[in-house]
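Structural description and commentary
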Amino acid sequence: MNNARYLRELDFARFHFYALTGIYEEIRKFKGGAVQGASSIRYRRTIPIFHPYKIETRIITWDEKSLYLEQKFITLSDGFVRAVAMSKQCITNCNVNKVMEKFPESKNITDMPEEFSLWLKAIEVSSEKLRKK
């Protein structure tokens, strides 16, 4: 699988995750939408042709404007994590905190992993650098 294919598969997995959890339905109730704001992927090992895999998606955290996701490509034959992606999903026209109130299980979100907080800091530094002064 080439690198562009990984990103395409992550899009499908994200849509699937939103549909299964009902998150997108809640966002639409507020007349909101979701767009990819940032992403980073770490390729650990290739997925050989004809090898089945799954993508696990989970919410790491959120703020009033965005959801932050982690997605993993895992081969079924050996359970090895072949790639890990982090993404910032910008939610338009609604407050994400209000959306997440509908999901009591979201209160079980644990502390943010260090690599994720460092990635968010890098995004913030990059954004500041690109702002007009």
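All of the points below concern the structure found in this document. (Residues numbered from 1 in each chain as written. Predicted model: local features only at pLDDT ≥ 70, side-chain atom pairs only at ≥ 80, totals over all residues. Heavy atoms only, no water.)

So, the packing of aromatic side chains
The following threshold applies: Ring geometry is summarised as follows: Phe, Tyr and Trp rings, the Trp one being its six-membered ring, pair when their centres sit within 6.5 Å, and such pairs are stacked at plane angles under 30 degrees, edge-to-face over 60 and tilted between the two. Between buried and exposed lies partly exposed: a residue is buried under 20% and exposed over 50% of the maximum accessible area for its type, with that area taken using a 1.4 Å probe on protein chains only.
If you walk through the whole model with that rule in mind, you get 7 aromatic pairs. Relative to Tyr18, the ring of Phe17 lies with its centre 6.4 Å away and its plane at 50°, an arrangement referred to as tilted. Of the two residues, Phe17 and Tyr18, neither departs from the other in class, the shared state being buried. Residue Tyr18 is classed as buried on the basis of its relative accessible area, which comes to 4%. Three or more aromatic residues joined by ring pairs make a cluster, and in this case those are Tyr6, Tyr43, Tyr53 and Phe73.

Topic: the pattern of salt bridges
So the rule is basically this: Any Lys or Arg side-chain nitrogen located within 4 Å of an Asp or Glu carboxyl oxygen qualifies as a salt bridge. Elements are defined by DSSP. Helices are runs of H or I of four residues or more, strands are runs of E of two residues or more, and each kind is numbered from the N terminus.
Under the counting rule described, the total for this entry stands at 8 salt bridges. Salt-bridge contacts for Lys29 lead to Glu26; the nearest nitrogen and oxygen are separated by 2.9 Å. With Lys29 and Glu26 both in helix H2 (residues 23-29) and 3 residues apart, this pair spans about one turn of that helix. Residue Lys29 is classed as exposed on the basis of its relative accessible area, which comes to 55%. Look at Glu26 and you get buried, because its relative accessible area is 10%. Arg131 is the salt-bridge partner of Glu128, the closest N and O atoms lying 2.7 Å from each other. Where salt bridges share partners, they join Arg5, Arg8 and Glu9 into one cluster.

Points about the environment of Phe12
You can see Phe12 is positioned in helix H1 (residues 3-21). Put simply, Phe12 and Asp111 are 99 residues apart on the chain and 27 Å apart in space, counted from C-alpha to C-alpha.

A look at unusual backbone geometry
Its identity as a non-glycine residue notwithstanding, Lys31 has a phi of 60°, on the positive side. With respect to the helices, strands and loops of the structure, Lys31 is situated in the loop between H2 and strand S1 (33-43). For Phe50, which is not glycine, the phi dihedral falls at a positive 65°. For Phe50, the position within the fold is in the loop between S1 and strand S2 (53-62). Given a relative accessible area of 78%, Phe50 falls into the exposed group.

A short note on helix H4 (residues 114-130)
Here is the rule: Take the residue count of a helix, subtract one, and multiply by 1.5 Å to get its expected span. By construction, the arc corresponds to the directions joining the helix axis to the C-beta atoms.
In this model, H4 (17 residues) spans 25 Å end to end at C-alpha, consistent with the 24 Å of a helix rising 1.5 Å per residue. Turning to H4, its buried residues number three or more, namely Phe116, Trp119, Leu120 and Ile123. The buried residues of H4 occupy one face: seen down the axis, they fall within an arc of 100°. Among the exposed residues of H4, those pointing more than 90 degrees away from its buried face are Glu114, Leu118, Glu124 and Lys129.

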